[in-house]
Amino acid sequence: MTDWNALSDEAFRRQVRTFFETEYPEELRHLPHRAKFAEIRQWHEKLYAKGMVAPAWPVEYGGMGLEASKLLIFYEEQQRWGVTRGRDMGVQMVGPLIIKFGTQAQKHYWLPRILSCEHIWCQGYSEPGSGSDLASLRTSAVIDGDYFVINGQKIWTTMAHDATHIFMLVRTDPRATKKQEGISFVLAEMNQPGIAVRTITTLAGEDEFCEVFFDNARAPCENLIGELNKGWAMAKTLLGFERIFIGAPNLAQNALVQLRTIAQGRYMFNDPVFRDRFAKVALDVEDHAALYTRFADQLKRGETLGPDVSMLKIWVTETFQEITELMIEAAGPDGGMIGPLQVGNVGIDVLANFYKARPTTIYGGTNEIQRNILSKAVLGLPE
Amino acid sequence: MLRASVRTLLERAGGIARARNARENGWDRRVMSQLADAGVLGVAARESVGGLGMGLMAAGVISEEVGRALAPEPVVPAIALAIGMMQRVCPGDTTLAVAITGEIASAFAWQERGPRGYPDQMACRFDGKALNGSKAWVAGAVGADQLLVVAQNNSQPVLVALDADGKGIYSEPRRQSDGSQLCDIDFVDAPAKVLAEGSVVSEALSGVVADATALAAAELVGVSAKALELTLDYVKTREQFGKPIGSFQVIQHRAVDLYVSQQVAEAGVSEALARMHVCTDPRARTREASRAKARACSTAKKITRESIQLHGAVGYADEFDIGLFLNRALVLSAWLGDAAYHRAQWMDAVEAKADD
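What counts as what
Residues numbered from 1 in each chain as written. Chains lettered and ligands numbered in written order. Predicted model: local features only at pLDDT ≥ 70, side-chain atom pairs only at ≥ 80, totals over all residues. UniProt positions renumbered as here; feature names shortened; annotations may be inferred. Helix = DSSP H or I, 4+ residues; strand = E, 2+ residues; numbered from the N terminus. Rg over C-alpha atoms; globule rule 2.2 N^0.38 Å. Buried ≥ 20, exposed ≤ 12 C-beta atoms within 10 Å, placed from the backbone. Contact = placed C-beta atoms within 7 Å. Domains from an automatic or database assignment. Nonpolar A, V, L, I, M, F, W, Y, C, P; charged D, E, K, R; others polar. Core = buried A, V, L, I, M, F, W, Y, C linked by C-beta atoms within 7 Å. Pairing = 2+ DSSP bridges. Axes fitted to C-alpha atoms, helices over the stretch in contact; angles between N-to-C directions. Parallel < 35°, antiparallel > 145°, perpendicular 65-115°, else oblique. Left-handed = near helix turned anticlockwise from the far one by under 90°. pLDDT = per-residue confidence, 0-100.

Looking at an unreviewed UniProt entry, one finds chain B named Acyl-CoA dehydrogenase family protein and attributed to Bradyrhizobium campsiandrae. Per UniProt, chain B has the following entry under Sequence similarities (unreviewed entry): "Belongs to the acyl-CoA dehydrogenase family."

Going by the annotation in an unreviewed UniProt entry, the name recorded for chain A is Acyl-CoA dehydrogenase family protein, with Bradyrhizobium campsiandrae given as the source organism. For chain A, the Cofactor (unreviewed entry) comment in UniProt is given as "FAD". The Sequence similarities (unreviewed entry) comment attached to chain A in UniProt states, word for word, "Belongs to the acyl-CoA dehydrogenase family."

> When you look at the overall build of chain B in this model, what are you seeing that I'm missing?
Counting its regular elements, chain B contains 11 helices and 10 strands. Scaling as 2.2 N^0.38, a compact globule of 356 residues should have a C-alpha radius of gyration of about 21 Å, and chain B matches this with 21 Å. Expressed along its principal axes, the backbone C-alpha trace of chain B runs to roughly 75 × 50 × 40 Å. In chain B, which comprises 356 residues, the proportion classed as buried is 52%. Here the analysis covers contacts within chain B between residues at least 6 apart in sequence; of these, 72% occur between residues at least 24 apart.

> Is there a simple way to explain the overall build of chain A in this structure?
Counting its regular elements, chain A contains 12 helices and 10 strands. Here chain A has a C-alpha radius of gyration of 22 Å; the compact-globule value for 383 residues is 21 Å, and the two agree. Overall, the C-alpha framework of chain A stretches about 75 × 45 × 45 Å when taken along its three principal axes. Buried residues in chain A amount to 39% of all 383 residues. If you take every contact in chain A between residues at least 6 apart in sequence, the share linking residues at least 24 apart comes to 73%.

> Would you mind showing me how to read the domain arrangement of chain B here?
All names here are of chain B. Here chain B is partitioned into domain 1 (2-104), domain 2 (107-197) and domain 3 (201-355). If you average the C-alpha positions of domain 1 and of domain 2, the two centres end up 21 Å apart. Top contributing element to the side of domain 1 that touches domain 2 by residue count: helix α5 (residues 75-89), with 7 residues. Its residues assigned to classes, the side of domain 1 that touches domain 2 shows 14 nonpolar, 2 polar and 3 charged.

> Please clarify how the UniProt feature "domain: Acyl-CoA oxidase/dehydrogenase middle" (unreviewed entry) in chain A should be interpreted in this entry.
Following the UniProt record, one finds the feature "domain: Acyl-CoA oxidase/dehydrogenase middle" (unreviewed entry) at residues 122-216 of chain A. Annotated as 0% helix and 54% strand, the span residues 122-216 of chain A places its first and last C-alpha atoms 19 Å apart.

> Looking at this structure, I do not really get the interface of chain A and chain B. What am I missing?
Note: interface size is frequently given as the accessible area lost on complex formation between the parts. Taken together, the contacts link 22 residues of chain A with 25 residues of chain B. If you tally residues by element for the side of chain A that touches chain B, the top one is helix α9 (residues 272-300) of chain A, at 12 residues. Here the residues of the side of chain A that touches chain B sort into 12 nonpolar, 2 polar and 8 charged.

> What's the story with the environment of threonine 317 of chain A in this structure? I'm lost.
Residue and element names in this part refer to chain A. Mapping threonine 317 onto the fold places it in helix α10 (residues 310-331). Taking the number of C-beta atoms within 10 Å as the measure of exposure, threonine 317 has 25 and is therefore buried. Along the chain, threonine 317 and asparagine 367 lie 50 residues apart, while their C-alpha atoms are 8.6 Å from each other. Not counting residues up to four positions away in its chain, the partners in contact with threonine 317 are Thr360, Thr361 and Asn367.

> Quick question: what am I supposed to make of the domain arrangement of chain A here?
Residue and element names in this part refer to chain A. Under the domain assignment, chain A is made up of domain 1 (4-86), domain 2 (121-229) and domain 3 (240-378). A C-alpha centroid distance of 30 Å is found between domain 1 and domain 2. The partner domain 2 presents 4 residues to the 4 residues of domain 1 that form the contact. Class assignment for the residues of the side of domain 1 that touches domain 2 results in 1 nonpolar, 1 polar and 2 charged.

> Explain the nonpolar core to me, please; I cannot follow it from the model alone.
Residues and elements named next belong to chain B. Counting residues in each nonpolar core, the largest one holds 214 residues, and the members touching the most others are Ile79, Val149 and Ala214. Looking at this core element by element, the count peaks at 20 residues for helix α7 (residues 199-237). Alanine 214 has contacts with Leu56, Ala272, Leu273, Met276, Glu288, Ala289 and Ala292, leaving out every residue within four places of it along the chain.

> Which parts of the structure should I look at to understand the UniProt feature "domain: Acyl-CoA dehydrogenase/oxidase N-terminal" (unreviewed entry) in chain B?
Feature annotation in UniProt assigns "domain: Acyl-CoA dehydrogenase/oxidase N-terminal" (unreviewed entry) to the following positions: residues 1-85 of chain B. Regarding residues 1-85 of chain B, the helix share stands at 64% and the strand share at 0%, and the terminal C-alpha atoms are separated by 27 Å.

> Explanation requested: the pairing of strand β7 (residues 181-191) of chain B in the structure shown.
A regular strand carries its side chains on alternate faces of the sheet. Residues and elements named next belong to chain B. Relative to β7, strand β3 (residues 130-139) is paired through 7 bridges, and the arrangement is antiparallel. Bridge pairing links lysine 135 to isoleucine 185 in β7. With 7 bridges connecting them, strand β6 (residues 169-175) and β7 associate as antiparallel partners. Its bridge partner lying in β7, glutamate 172 is registered against aspartate 184. Linkage of β6 to β7, two consecutive antiparallel strands, is achieved through a turn of 5 residues, within which glycine 179 is found at a positive phi near 95 degrees.

> Is there a simple way to explain the pairing of strand β1 (residues 106-109) of chain B in this structure?
Residue and element names in this part refer to chain B. Here β1 shows two buried faces, one formed by Ser106 and Phe108 and the other by Ala107 and Ala109. Sheet topology places β1 next to strand β4 (residues 146-153); 4 bridges connect them, and they run parallel. Bridged to serine 106 within β4 is glutamine 146.

> Just to check I follow, could you spell out the packing of helix α1 (residues 9-23) of chain A against helix α3 (residues 68-80) of chain A for this structure?
Two measures define how a pair of helices packs: the angle their axes make with one another and the distance between the axes. Residue and element names in this part refer to chain A. Here α1 crosses α3 at 30 degrees, and the two axes come no closer than 10 Å. Classified by the angle between their axes, α1 and α3 sit roughly parallel to one another. Once α1 is placed against α3, the crossing between them reads as right-handed. The residues of α3 that touch α1, namely those facing Asp9, Phe12, Arg13, Val16, Arg17 and Phe20, are Ser69, Lys70, Ile73, Phe74 and Glu77. Of the residues assigned to the contact of α1 with α3, the class counts are 5 nonpolar, 1 polar and 5 charged.

> It is not clear to me how the environment of valine 150 of chain B should be interpreted in this structure. Could you clarify?
Residue and element names in this part refer to chain B. With respect to the secondary-structure elements, valine 150 resides in strand β4. A tally of 24 C-beta atoms within 10 Å means that valine 150 is categorised as buried. Sequence separation between valine 150 and aspartate 186 is 36 residues, and the spatial gap between their C-alpha atoms is 13 Å. Beyond its immediate sequence surroundings of up to four residues, valine 150 is in contact with Trp110, Met122, Pro157, Leu159, Val201 and Leu205.

> Is there a simple way to think about the packing of helix α4 (residues 55-68) of chain B against helix α8 (residues 249-278) of chain B in this case?
Residue and element names in this part refer to chain B. In contact at an axis separation of 7 Å, α4 and α8 are set at 150 degrees when each is read in the N-to-C sense. Considering the angle they form, α4 stands roughly antiparallel to α8. Packed against α4, whose contacting residues are Gly55, Leu56, Met57 and Gly60, the element α8 presents Ser270, Leu273, Ala274, Met276 and His277 at the interface. Partitioned by chemical class, the residues of the contact of α4 with α8 number 5 nonpolar, 4 polar and no charged.

> Any chance you could explain the confidence of the model for chain B here in plain terms?
The predicted coordinates of low-pLDDT regions are not to be read in fine detail. Within chain B, residue pLDDT values average 95, and 98% of them lie at 70 or more. On the interface metric, ipTM, the complex scores 0.95, and its pTM is 0.92.

> Is there a simple way to think about unusual backbone geometry in this case?
Phi is mostly negative for residues that are not glycine, and the peptide bonds are mostly trans. All names here are of chain A. A positive phi angle is found at asparagine 216, which is not glycine, with a value near 55 degrees. Within the element layout of this structure, asparagine 216 appears in strand β7 (residues 207-220). Looking at asparagine 216, the number of C-beta atoms within 10 Å reads 13, which means it is partly exposed.

Take a look at the structure:
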């Protein structure tokens, strides 16, 4: 077992970088879509053999146990080389909750299967009537003997059609006085008669999201994580460390490199108007990276991030969108073409970038919700 | 520490009210002396010449505080231009020592008017004894004891010093929106003494202009920080329809956008100063200065304009302080190049780097 934290940050970065550069399959670099597990199985096996599936998990549960600075380096290198996140809902979302709130038996059963990808997870949070107002969710779980009986519907469930299990927030006490109360965190197997999945085709033409229908679906009561009716507060604790990643600079940085390539290929830099607009977004990216570094340094010092970290997501996603809009302009009459445009000897998929930028201001809490958070929790503006 | 002491000093001197007073009375020689006594003017100068040797980042902190307090004293021109120039080209000259102690206030003149702003060639001539020609946009010249002028001597750049009230100097002060004055100055056979000459002068010039540009950016960051604070206080207390206007979501989201812009500007400008602090490559320093000024100008203009709007009608009234911030932001943005100018400079620098 490698003691990663014994390495210096720079030595760790070199090791991770070398590993990605030598082992990661070239054809999977910068995948424009979310991969199904079958596509990336061999890559997962390499990570698994190296014990590198779960960078943030403690070593005792099979993780790398990385301290904050090395965790950031790991993700930075992953993004730099265009390494897929893989099917990481298990590692990123449900695993940490089981580690924090699960019983010994639950840890013993679920965690190794997350690491091996014997179980592939999807997240059942949003519902047709519960998006930004997630706590209003209505999918119900009623105890019947040793089982929860689940009825209702989840939506925007990423890659549910490629998952073996779902972790979900369900209403277990419909009489609770506050909507945040009476919600529980339950795990269920996807392959059962009570669950039906329908894919939703996105504007980009991809089947990434799903609707999941529950019609007397069943989950054993031992699949309850944490206390009954206390799932909301528990699920919210997940939003600590992860919130910096949703505001990381890489999406905008990658798009900027592509914008520069297409603009050079089409002689756009001779146009002073375009030059100014390019400089504006390029500086937006550069100064955002400076702000991101400040938050990353907080983490490295072992501090907890406050609600102000939301500002990273607002700025970077809106900048990302602006960059992809400029890409379309730079493409001129080819701006509506599906598939890669040939620029010199590289192909750049302008529309794929444009579409990819759209949901970034919606997922993970819309930018409007982020603004509400900053307004109340950081600026202290009144109700 | 440095930040707190400068903030206290400027508050005790009279705070923001001085920005209003300066319209009639200009900047305050006594406050400038107090700043000099606190080491402010020599903050970036080496200890061997009587400075604090704390470098550009500390100078940035001071500039931010000057911006927050809307202090009318020409602190950035003194630190970055006059003192910065002398430290580079004539560190042993007594003129530098008395500038750092605040005994002699110097204004630095190098820009000249061309048809489109800055000309390519400097027309101001020094013949070994006297100076002839014109300089423009000279900051801190009203109230200065001495002028430091960059000119040409037989196609060699030269830095000369003149007594501000000496003969052959015809100064035309031009009033700006915040009450401060920039001077256009004509020199007709004005007696001057040489401080330095040769390529050392032109190399130093680009260095000090980069420093001044970055410190003006830091001053703008201070201006917008304080304007935003005042505006947030205002929307929390001003009531309409029976509630504070800050409880309305449309106001909240606009306030958040200003706050996020301010945070990005603080991070970007301070990173640029930190990079300049450790970097000696003139092109890289100029590039970072442009990055800082482009960001600071666009942010300060946005925040001060929006602050007027969020104050409503009183924001348009001169007796309310918030307008003072807009006026200072306009002046500092125009000085040494605004956002669009510096975005263009930055693009050129980035492309030059890519060609290396």
